[in-house]
Amino acid sequence: MAVRNGKKTFYEEAMETFHRAADLIRMHPRVRMELEEPDFEHIFYVTIDTRDRLVPLDDEEVKPFRALPPSDVKAGDALEPLADGKFVLHRRALLKADISIRQGVINIPGKGFFRIEKGGPRKFKAYRIQHNQVRGPYKGGIRYHKECSLDLFKTLAADMTWKTAISEVPFGGAKGGIRIDPFAFSKEEIEHVTLRYVYKLKNLMGPFIDIPAPDVGTNGEIMAYMMRQFTDGEREHHRMRGVVTGKDVRIGGSEGRIKATGQGVVYCIEEWARERKLDIKGARVLVQGFGNVGSATAEILAALGAKVVAVNDVNGTIHRDGGLDIPALVHHVHQNPQNLRRTVAGFPGGTAISKDDFWGIDADFLVPAALGEEIDGPVAERLKVKLVAEGANGPTTREGDRVLAARGIDVIPDIICNAGGVTVSYYEWLQNQRLEHWSEAEVNGRLEQTIKKNWAIVRDIARNRPQRTPLYDSRPYCVGQAVDVRTAAMILALKRIEAHYLLEGFSQ
């Protein structure tokens, strides 16, 4: 593969497992070529008008304005706080207000002195990578993050292709998003940038073309905006509900979808623990990342009796050796309006520690559920766990993999471990097509069977143990030799994808 400046790109590194598995199954050369690169790489820009902001002054800047009379802003929701300390100044702030401004500075009681920063047009780079659709419509999340890139989205789109195949979901793989810090913009501005994104993408989306879902920095509310923009003005808009998944259950979402990825992680951990006769009750757990996936995984494991002893996110790390109060932590992170960064930092039920100390805590399971490449070689050397269950996409580097294998620490790879989200997204899509609504018990029952069956096949491939059971048949997938679990998962995905090309042939 090509090398850039002496180092492989993130995408090229991620595709090493693909090429290793493709060699083992002797993949047809043309099929390999079809899968090596995405079908389409869409890069474009979206623009919005941003609101004026109030920027806090430091102590030195405040001195000339100490005598400035306080302003009375009566509209309580007119000043929207942002995580960077600024406030978005909505137009309704002037309604019935008594305001004093000097040289663009305003004094707001209880908040401080601010300089008014003029808003205006802003431009954001946006992406949608459509990797492969031989098994069905493109499917994948929309990410709002300040470090988005083409290379990252190519990797994540390919992961979705493998993930849908492993889960036997009739979709392909895609991924996209916007390079933006969602914490630095108001709810209204995020809505506007979302609507503009869909406006640009509308001809490339659809329930049978490309189906977005939530990812880092997005949620069901963003999906509602996207669905509205796509279906607005359409004659049979109800037939298009399946254009996005991860919606609120009241507008066509599925029961169990919010926790689906975390639920899938737990089903994999349950199977791993059952085989080793390890009781989850009382097991010690580390969770890295406490967004949708990390918090759901922690909640479900805690309900099973496990002790989540430490949680790390981008803004802080907390630890309690006897186990954190997970419901209280979820409330602190996700339901506390003062916690604008949605971080575990400041949680009173735990002790703040460093991220470096987090990796060295003695535990049974580690669930990395943040961003990619967190577990590198040095981190892998420090871990004191029996299992790494990858809730995030690509959390372990190649060097980290080698170290974990050498130390005998098991890994449940991301393309099976976190496949619960896309699996329940498929169930949501089915319910939308049928105009049905399934119970959470039905959704989780289907998900459990799917995840555990395909994890069993992956285990058989890894051990070269072909067998047929009442639940599954792993014989078509074993390659005549034992392989590592990550390669085994990729073998399962590639054999299922290759079958479509070989049986259907190629269009000319």
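Preceding block: the structure.
It should be emphasised that the depicted structure is a prediction, and the values quoted were computed from it without experimental measurement. (Residues numbered from 1 in each chain as written. Predicted model: local features only at pLDDT ≥ 70, side-chain atom pairs only at ≥ 80, totals over all residues. Heavy atoms only, no water.)

Here's the deal with the sheet that holds strand 3 (residues 79-81)
Reasoning step 1: Taken together, six strands build an open sheet; the order of strands is 3-4-2-7-6-5 and the sheet is antiparallel. Looking at the sheet topology across the chains shown, the edges are occupied by strand 3 and strand 5 (101-102).
Reasoning step 2: Pairing between strand 6 (residues 105-108) and strand 7 (residues 112-117): four bridges, direction antiparallel. Its bridge partner lying in strand 7, Val105 is registered against Arg115. (Pairing = 2+ DSSP bridges. Helix = DSSP H or I, 4+ residues; strand = E, 2+ residues; numbered from the N terminus.)

Some thoughts on the packing of helix 2 (residues 16-24) against helix 3 (residues 29-36)
Reasoning step 1: As a packed pair, helix 2 and helix 3 sit with axes 11 Å apart at the nearest point and diverge in direction by 165 degrees. One finds that helix 2 runs roughly antiparallel with respect to helix 3. The way helix 2 lies across helix 3 gives a crossing that is right-handed. Residues Phe18, His19, Ala22 and Asp23 of helix 2 form the contact with helix 3, whose participating residues are Arg32, Leu35 and Glu36.
Reasoning step 2: Of the residues that constitute the contact of helix 2 with helix 3, the class distribution is three nonpolar, one polar and three charged. (Axes fitted to C-alpha atoms, helices over the stretch in contact; angles between N-to-C directions. Parallel < 35°, antiparallel > 145°, perpendicular 65-115°, else oblique. Left-handed = near helix turned anticlockwise from the far one by under 90°. Contact = heavy atoms within 4.5 Å. Nonpolar A, V, L, I, M, F, W, Y, C, P; charged D, E, K, R; others polar.)

What to know about a nonpolar patch on the surface
Reasoning step 1: A surface patch of nonpolar side chains, about 290 Å² in accessible area, is lined by Leu94, Ile99 and Ile101.
Reasoning step 2: Among the secondary structure elements, Ile99 is positioned in the loop between strand 4 (87-89) and strand 5.
Reasoning step 3: For Ile99, a relative accessible area of 31% translates into the label partly exposed. (Patch = residues over 30% accessible without salt bridge, like charges linked within 9 Å, V, L, I, M, F, W, Y side chains within 5 Å. Areas by Shrake-Rupley, 256 points an atom, 1.4 Å probe, with all protein chains shown as cover. Salt bridge = Lys/Arg side-chain N within 4 Å of Asp/Glu carboxyl O. Buried < 20%, exposed > 50% of the residue type's maximum accessible area, 1.4 Å probe, protein only.)

Some words on the pattern of salt bridges
Reasoning step 1: For the coordinates displayed, the defined rule picks out 41 salt bridges.
Reasoning step 2: When the shortest N-O distance is used, the salt bridge between Glu275 and Arg276 registers 3.3 Å.
Reasoning step 3: We note a salt bridge from Arg486 to Asp414, for which the minimum N-O separation is 3.9 Å. Of the two residues, Arg486 sits in helix 17 (residues 485-504) while Asp414 sits in helix 14 (residues 414-417), which places them 72 residues apart along the sequence.

Re the sheet that holds strand 1 (residues 40-50)
Reasoning step 1: The strand order across the open sheet built from five strands is 1-8-10-9-11, with neighbouring strands paired in mixed fashion. Every interior strand has two partners, whereas the edge strands, strand 1 and strand 11 (210-214), have only one. Ignoring which end each strand starts from, the neighbouring axes of this sheet average 25 degrees apart.
Reasoning step 2: Here six bridges tie strand 8 (residues 120-132) to strand 10 (residues 173-179), and the two strands are oriented antiparallel to one another. Note that in strand 10 the partner of Ile129 across the bridge is Lys175.

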